[in-house]
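# A closer look at the structure
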Amino acid sequence: MSHAISYTRYGGPDVLTLSETDAPEPGPGQVRIKVRAAAVNPIDLKIRSGAMAKAFPAEFPVRPGLDVSGVVDKAGEGAGARVGDEVLGATPNGGYSEYALLERPVPKPAELSFETAAALVTVGETAYRALRQLDPRAGETLLIHGAGGSVGVLAAQLAAARGVTVVATAGEHDIEGLTGLGATAVPYGEGWAERVRAAAPQGVDRVLDCSGAGVLADSVALTGDAARVLTIADMSAARHGVRFSTGGPADRIPEALPELVAAVAAGNLTLPLGGTYPLAEAARAHADIEARRVRGKVVLLP
């Protein structure tokens, strides 16, 4: 048997309940892991609340969670890992659980904690994918909106490593951290475009929007070309002629996660963690995120 978090209706954090369930059985090409850490992603909260019901209609009961790390305890035929291996990846059967399945397990280096490994999966792949699609070049200036979030933090580091000048909009509490990562950070909110122009007198070549805060029109004006703006968060993208990176199957980049894992393990990439919670306290984790009582990536520990 296994314990897992699920919910049977849309609502607030209180709909999340811990219940007993059968541990999943791995099929061909799959492994089952004993979960050591499961990341909480913003989309988990949006789906739970019903805010994403049109894009992601729920089939109740829902077991939330996508990103996990742990130790393989059972392997199907042709699986990419063996019993006892420490791995991470995205699970198809809900990550807020004591056991989960992985179809493409990525080896976890000893230098990488289980918490950071789980936290890295979706946000890392998203940052990697967005930069590949936007393709900022060495010597160019990239503006990242919402750079204080996990995707923005990783994208800023990945872009800077390419020789890209990074300008970032973020909350006041994130300015110092982003500056330490090599970005020129300015406060978001009213007047942000003027602050960006002052911080980047050379102009802005490309824009990555991680905020969804209604910044696309001014971002297009800054670059002079909607094709140079990409959002992962604003559903009004088409209205502005801007690309929306969905993260669907066609967008997946298999090599992204192994490269990111290696970079974090080597100390060349950092991902701040906001806090850890016992699996049974998933509702409190969601509530703390919604109330902004915690910053950085939140991880559940079964």
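Read on for an overview of the structure. Predicted model, so just to flag it, every value in this text is computed and none were measured.

This part is about the side chain of Ser-236. You can see Ser-236 is positioned in the loop between strand S12 (229-231) and strand S13 (243-244). Only 2.6 Å separates the side chain of Ser-236 from the side chain of Asp-234, close enough to count as a polar contact.

As a further point, take the pairing of strand S14 (residues 273-278). In this sheet, strand S15 (residues 297-301) lies alongside S14 in parallel orientation, the contact comprising five bridges. Considered in S15, the bridge of Tyr-277 is made with Leu-300. Between S14 and its parallel partner S15, the chain crosses via helix H8 (residues 282-290), and the hand of that crossover is right-handed.

Strand pairing within a sheet occurs via backbone hydrogen bonds; the two strands may be parallel or antiparallel. Ordered by their spatial adjacency, six strands build an open sheet running S10-S9-S8-S11-S12-S13, and the pairing between neighbours is parallel. Sheet topology places strand S10 (184-187) and S13 at the edges, where each strand pairs with a single neighbour. Pairing of strand S9 (residues 165-170) with S10, which is carried by four bridges, proceeds in the parallel orientation. Looking at the pairing, Val-167 lines up with Thr-184 of S10. Lying over the sheet, helix H6 (residues 216-223) contacts strand S8 (141-145), strand S11 (206-209) and S12, oriented at roughly 155° with respect to S12.

Residues Leu-120, Leu-142, Ile-144, Leu-178 and Leu-208 are the most contacted members of the largest nonpolar core, which totals 47 residues. Elements that contribute at least two residues to this core include exactly strand S3 (31-40), helix H2 (114-134), S8, helix H3 (150-161), S9, helix H4 (172-180) and helix H7 (256-265). In terms of residue count, H2 provides more of this core than any other element does, twelve residues in total. In this view, Leu-208 contacts Ala-130, Leu-134, Leu-142, Leu-143, Ile-144, His-145, Ala-155, Leu-230 and Ile-232; residues no more than four positions away in its chain are not counted.

This model, assessed by the stated rule, comprises 14 salt bridges. With a closest N to O distance of 3.4 Å, Glu-25 and Arg-32 form a salt bridge. Looking at Glu-25, the relative accessible area reads 49%, which means it is partly exposed. Relative accessible area serves as the criterion here: at 10%, Arg-32 is assigned to the buried category. For the salt bridge of Arg-129 with Glu-125, the shortest nitrogen-to-oxygen distance reads 2.7 Å. Residue Arg-129 and its partner Glu-125 are both found in helix H2; the two are separated by four residues, about one turn of the helix. Counted as one network, the salt bridges with shared partners bring together Glu-25, Arg-32, Asp-73 and Lys-74.

What follows is about the packing of helix H5 (residues 192-199) against H6. Interaxial distance between H5 and H6 falls to 11 Å at its minimum, and their mutual angle equals 25°. One way to sum up the angle between H5 and H6 is to call them roughly parallel. As H5 runs across H6, the sense of the crossing is right-handed. Residue-level inspection shows Trp-192, Val-196 and Arg-197 of H5 in contact with H6, the latter providing Asp-218, Ser-219 and Leu-222. Across the contact of H5 with H6, the residue classes break down as three nonpolar, one polar and two charged.

Moving on, we come to unusual backbone geometry. Between Phe-60 and the following residue, Pro-61, the backbone shows a cis peptide bond with an omega angle of -5°. Here Pro-61 is to be found in the loop between helix H1 (42-49) and strand S4 (67-75). With a phi angle near 55°, Asp-135 is a residue other than glycine that sits in the positive phi range. Inspection of the secondary structure puts Asp-135 in the loop between H2 and S8.

The rules behind each value
Per chain, the residues get numbers from 1 upward, laid out in the order the sequence is written. Where totals are concerned, whole chains, interfaces and linings use all residues; where local detail is concerned, this predicted model gives features only for residues with pLDDT of at least 70, and gives and counts side-chain atom pairs only at 80 or more. As a convention, hydrogens and water are excluded, and side-chain values are obtained from all of the structure's heavy atoms. Secondary structure follows DSSP: runs of H or I at least 4 residues long count as helices, runs of E at least 2 residues long count as strands, and numbering of each begins at the N terminus. Any pair of N or O atoms that falls within 3.5 Å is considered a polar contact. Within protein, one atom must be able to donate a hydrogen and the other to accept it, and sequence-neighbouring residues count only if both atoms are side-chain atoms. Think of it this way: DSSP has to see at least two bridges between two strands before they count as a pair. Orient the strands so they point away from the viewer, and a crossover whose first-strand-to-second-strand path over the helix runs clockwise is right-handed. Note on contacts: a residue pair is in contact if any heavy atoms of the two residues lie within 4.5 Å. Axis lines are fitted to C-alpha atoms, over the contacting stretch for helices. Their N-to-C directions set the angle, which ranges from 0 to 180 degrees. What makes a nonpolar core is a set of buried Ala, Val, Leu, Ile, Met, Phe, Trp, Tyr and Cys residues whose side-chain atoms join them at distances within 4.5 Å. Only protein chains enter the area calculation, which uses a 1.4 Å probe; residues under 20% of their type maximum are buried, those over 50% are exposed, and those in between are partly exposed. Salt bridge, as used here: a side-chain nitrogen of Lys or Arg that lies within 4 Å of a carboxyl oxygen of Asp or Glu. The labels follow the angle: roughly parallel below 35 degrees, roughly antiparallel above 145, roughly perpendicular from 65 to 115, and oblique for the rest. Take the far helix as the reference: if the near one is turned anticlockwise from it by less than a right angle, the crossing is left-handed, and if turned clockwise, right-handed. Residue polarity follows a fixed list, in which Ala, Val, Leu, Ile, Met, Phe, Trp, Tyr, Cys and Pro are nonpolar, Asp, Glu, Lys and Arg are charged, and the others, Gly among them, are polar.

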